[in-house]
Amino acid sequence: MMKADVAVIGGGIAGLMCAWNLAEDGADVILLEAGERGAQASGANAGSIHLQLQYPEFVAYGEGWARAYIPALRMLSESLTLWQGLSDRVGEDLGVGLAGGLVVARTDAQVRAIKAKARIEAEAGVETQILGGNELRAVAPYLAADAIGGGFCAREGKANPLRASPAIAAAATRAGARILRHTPVTGIEGVPGGYLLQTGAGPLRAGRVVNAAGAAAGKVAAMLGVALDIGGFPLQVTVTEPVAPLIPHLVYSAAGKLSLKQVANGGLVIGGGWASGVRVNGDLAPIPANITGNMAMAAGVVPATAAARAIRTWTAWVNGTPDWRPILGEAPGRPGFFLALFPWVGFSAGPMTARITADLVLGRKPVLPLKGLSALMD
């Protein structure tokens, strides 16, 4: 039987960094990943580093929702600070660049919503500068002529998800963590002194367990009778052929779902929450109409993107909750079973999710208070 101080379930960025932090602090850690490390949301997301409130949700859910989300914004801000030092920490360039994020408006109503959003962001210490049409064009001359204003958050940006997970996994391994790929967890039960996990590599006895399984976290928690209001959502992203330098920012549209950025090789990465399809066997497949819809949205905001040919589209399961708030901490009634989940923008929040969780597992006071932050603390 395998044994460890801590079993971490899930090989995305939160799970890998949690295992790394724990191993650096002297814990004996085994990480269990059902497939390849970083193969789902952490490696297949669009690489956006988010900070500001997402415009569609702000408009849909209102200011009450936004104010309840303020502690999560503070956590995202702290996570971005960790992202800025992560390349040096792993010893590899992860393509982290925080050149700022722009929410682009086409109507006066959209500008008013961006202003209202910025006021709430300021309560969390997140600065979003409101730009008029001329100011916007001075910052981003590549935008369409019908852009009349927007909000600019200087700390947003991008990272390379294809590099991040392997580099973090290598750092965790160097620190002493054991990472088992293609090792699904099929059962968990409480036993004296901890938990017994049934895995694809045989039984594992661990004193504590971290559930960082992302879109599968609800199924993992259910093995212990813990109900989580979290699910998996199939999304798709498209990348174009390389083009000349055009977009230094992370670009959103107040007119519809869009995240747009340009990566180091010149490719344009186009996403923003467009759904993919789910086959009968559970595999994901791109939806052609959503590819063209996403591309049309990008071209409407940045006309020059219309000349770039799409070369690849990919899909991923992303974890999400109805209120967008993180689920962090020890599960009620299950001592030693910890939840490390930040929905929707978990790539951005991964470093701080991992730091908070590692501190809790080790019995330390977390760097941020969970009251008001984690949905578990309600």
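Let me begin by describing the structure that accompanies this report.

How each quantity is defined
Residues numbered from 1 in each chain as written. Predicted model: local features only at pLDDT ≥ 70, side-chain atom pairs only at ≥ 80, totals over all residues. Heavy atoms only, no water. Buried < 20%, exposed > 50% of the residue type's maximum accessible area, 1.4 Å probe, protein only. Helix = DSSP H or I, 4+ residues; strand = E, 2+ residues; numbered from the N terminus. Pairing = 2+ DSSP bridges. Phe/Tyr/Trp six-rings, centres within 6.5 Å; stacked < 30°, edge-to-face > 60°. Salt bridge = Lys/Arg side-chain N within 4 Å of Asp/Glu carboxyl O. Axes fitted to C-alpha atoms, helices over the stretch in contact; angles between N-to-C directions. Contact = heavy atoms within 4.5 Å. Left-handed = near helix turned anticlockwise from the far one by under 90°. Nonpolar A, V, L, I, M, F, W, Y, C, P; charged D, E, K, R; others polar. Core = buried A, V, L, I, M, F, W, Y, C linked by side-chain atoms within 4.5 Å.

A separate point is the pairing of strand E12 (residues 231-240). With respect to burial, E12 is a largely interior element, seven of its 10 residues being buried. By the bridge criterion, 10 bridges tie E12 to strand E18 (residues 310-320) in an arrangement that is antiparallel. When the bridges of E18 are listed, Phe-233 appears paired with Val-318. In the sheet, E12 pairs with strand E15 (residues 268-275) via four bridges, with the strands oriented antiparallel. Pairing of Gln-236 across the sheet is with Trp-274, part of E15.

Attention shifts here to the packing of aromatic side chains. Per the stated rule, a full pass over the model turns up seven aromatic pairs. Taking 6.2 Å as the distance between ring centres and 50 degrees as the angle between the ring planes, the aromatic pair formed by Tyr-195 and Phe-337 counts as tilted. Pair noted here: Tyr-195 is in strand E10 (residues 194-199) and Phe-337 is in strand E20 (residues 337-341), with a separation of 142 residues, a long-range link. Note on accessibility: Tyr-195 and Phe-337 belong to one class, buried. Look at Trp-324 and Trp-344: their rings are 5.5 Å apart centre to centre, the planes differ by 25 degrees, and that puts the pair in the stacked class. Residue Trp-324 is located in the loop between E18 and strand E19 (327-330), and its partner Trp-344 is located in the loop between E20 and helix H11 (346-361); the two are separated by 20 residues in the primary sequence. Here Trp-324 falls in the buried class, since its relative accessible area comes to 8%.

For the rest of this paragraph, the subject is the pattern of salt bridges. Note on pairing: side chains with opposite charge can pair once their charged atoms come close. Inspection of every chain in the model, using the stated rule, returns 13 salt bridges. For the salt bridge of Arg-364 with Asp-25, the shortest nitrogen-to-oxygen distance reads 3.0 Å. Residue Arg-364 is found in the segment after H11, and its partner Asp-25 is found in the loop between helix H1 (13-24) and strand E2 (29-32); the two are separated by 339 residues along the sequence. The partner of Glu-36 in a salt bridge is Arg-181, and the shortest N-O contact between them spans 3.0 Å. Here the residue Glu-36 occupies a position in the loop between E2 and helix H2 (41-44), and Arg-181 occupies one in the loop between strand E8 (178-180) and strand E9 (185-191), the gap between them amounting to 145 residues. The class for Arg-181 is partly exposed, based on a relative accessible area of 42%. The network of salt bridges with common partners includes Asp-25, Arg-355, Asp-359 and Arg-364.

Moving on, we get to the sheet that holds E18. Ordered by their spatial adjacency, eight strands build an open sheet running E5-E6-E4-E13-E14-E15-E12-E18, and the pairing between neighbours is mixed. Strands with a single pairing partner mark the edges of an open sheet, and in this sheet they are strand E5 (129-132) and E18. Sheet twist, expressed as the average angle between the axes of neighbouring strands with direction ignored, equals 25 degrees. Where strand E4 (residues 101-105) and strand E6 (residues 149-153) come together, five bridges link them in antiparallel fashion. Bridge pairing links Ala-105 to Gly-149 in E6. Contacting E4, E5 and E6, helix H6 (residues 108-123) crosses the sheet at an angle of about 145 degrees to E4.

So, about the packing of H1 against H11. Close contact between H1 and H11 brings their axes to 8 Å; oriented N to C, the two are set at 35 degrees. Seen along the crossing, H1 lies across H11 with a hand that is right-handed. For the pair H1 and H11, contact is made by Ile-13, Ala-14, Met-17, Cys-18, Asn-21 and Leu-22 and by Gly-346, Phe-347, Gly-350, Pro-351, Thr-353, Ala-354, Arg-355, Thr-357, Ala-358 and Val-361, respectively. When grouped by side-chain class, the residues that make up the contact of H1 with H11 number 10 nonpolar, five polar and one charged.

What follows is about the nonpolar core. Core analysis: the biggest nonpolar cluster contains 63 residues, and Leu-22, Tyr-69, Ile-168, Val-210 and Ile-356 have the highest contact counts within it. Per-element tally for this core: the top contributor is helix H5 (residues 70-90), with nine residues. Not counting the four nearest positions on each side in its chain, Tyr-69 is found in contact with Leu-53, Leu-76, Asp-323, Trp-324, Arg-325, Phe-342 and Val-345. Counting 26 residues, the second largest nonpolar core, distinct from the first, contains Ala-7, Tyr-195, Leu-224 and Leu-339.

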